[in-house]
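Given next are the chains, with one letter for each unit.
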Amino acid sequence: MAIAVAGCTAASSSQENPAARMVDQQLRPHDIVDPRVLAAMREVPRHRFVPPERAAQAYDDTPLPIGHGQTISQPYIVAYMTQALELQPGHRVLEIGTGSGYQAAVLARIAKEVYTIEIVPELAARAAGTLRELGYGHVQVREGDGYAGWPEHAPFDRIIVTAAPDHVPQPLVDQLAMGGRLVIPVGDIRQQMAILTKTKDGVVERRTIGVRFVPLTRKPG
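Predicted, not measured: the structure shown is a model, and the values here were computed from it. (Residues numbered from 1 in each chain as written. Predicted model: local features only at pLDDT ≥ 70, side-chain atom pairs only at ≥ 80, totals over all residues. Heavy atoms only, no water.)

A. The overall build of the protein, seen in detail. In terms of helices and strands, the protein carries 7 helices and 10 strands. Over its C-alpha trace the protein gives a radius of gyration of 16 Å, about what one expects of a compact globule, namely 17 Å for 221 residues. With respect to the three principal axes, the spread of C-alpha positions in the protein is 50 × 35 × 35 Å. Per-residue burial over the protein gives 55% buried out of 221 residues. Working note: accessible area of the protein is about 9,900 Å², and carbon and sulfur atoms make up 50% of it. Of the side chains in the protein, 23 bear a positive and 23 a negative charge, and the two mean positions are spaced by 2 Å. (Helix = DSSP H or I, 4+ residues; strand = E, 2+ residues; numbered from the N terminus. Rg over C-alpha atoms; globule rule 2.2 N^0.38 Å. Buried < 20%, exposed > 50% of the residue type's maximum accessible area, 1.4 Å probe, protein only. Areas by Shrake-Rupley, 256 points an atom, 1.4 Å probe, with all protein chains shown as cover. Lys, Arg positive; Asp, Glu negative; His and termini not counted. Charge placed at Lys NZ, Arg CZ, Asp CG, Glu CD.)

Printed below as a string of structure tokens:
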């Protein structure tokens, strides 16, 4: 739900397949190198996660509106955050901010289990339906306030947040497994991507690229 501030499939295949063209033109030239991430971005049908009137733009290098004041992030940001997670096939992942369900689908191409929370009821229902239709049975979608995470299924090997709070929510840090990693945009007007790793000596945080995400919203009270 953001835009960044700041080898290969055969050419004939890229021309025929917009997802392959997206990978070759938007991701590989910008340091997306994890083969699992590149494969997931190539395989997930991004056009299924945008409104029908936006399908022709689905693979463009831009975020797109999906309704209710939310967007589907540009492909590069989805790939960047997924790569930053350093996902392994056995991982259990929590996503805060389901949105269209596209990021969850990309995660599900790599991880063992994906749990995702969306605060907007209509988006949660739509994403759950799309993911179900596409066969992502190991993705669980819940409507709710993601700030508190999903403690019933914790700990998680990886957590990804696709909306920006002004600070890192402590409940999410608490729900990370030892050695786990959290990727989250942080800030108000000026936002940066933060990557946190839980170690036996505490939490190590580093900031990377500048980004612009929709704010992380909370339920009243």
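Once the structure has been displayed, the description carries forward.
B. Summary view of the packing of aromatic side chains. For the structure on display, the rule yields 4 aromatic pairs. Aromatic pair Tyr76 and Tyr80: ring centres 5.9 Å apart, planes at 45 degrees, arrangement tilted. Here Tyr76 and its partner Tyr80 are both found in helix H4 (residues 75–85), 4 residues apart, which amounts to about one turn of the helix. Taking the relative accessible area as the measure of exposure, Tyr76 reaches 16% and is therefore buried. (Phe/Tyr/Trp six-rings, centres within 6.5 Å; stacked < 30°, edge-to-face > 60°.)

C. Focus on the environment of His30. With respect to the element layout, His30 can be found in the loop between helix H2 (18–27) and helix H3 (35–43). We classify His30 as partly exposed; its relative accessible area is 44%. If we skip the residues at most four places from it in the chain, His30 touches Gln25 and Tyr76. (Contact = heavy atoms within 4.5 Å.)

D. Examining the side chain of Asp145 more closely. Its place among the elements puts Asp145 in the loop between strand S6 (139–143) and strand S7 (156–161). Within the structure, the side chain of Asp145 is placed 3.0 Å from the backbone nitrogen of Tyr147, a separation counted as a polar contact. Among all residues touching Asp145, those that are not within four sequence positions of it are Ile117, Ile119, Thr217, Arg218 and Lys219. (Polar contact = N/O pair within 3.5 Å; in protein donor to acceptor, adjacent residues only side chain to side chain.)

E. Geometry of the pairing of strand S2 (residues 64–67). Pairing geometry for S2 and strand S3 (residues 70–72), over 3 bridges, is antiparallel. Each residue of the ladder has a partner; that of Leu64, found in S3, is Ile72. (Pairing = 2+ DSSP bridges.)

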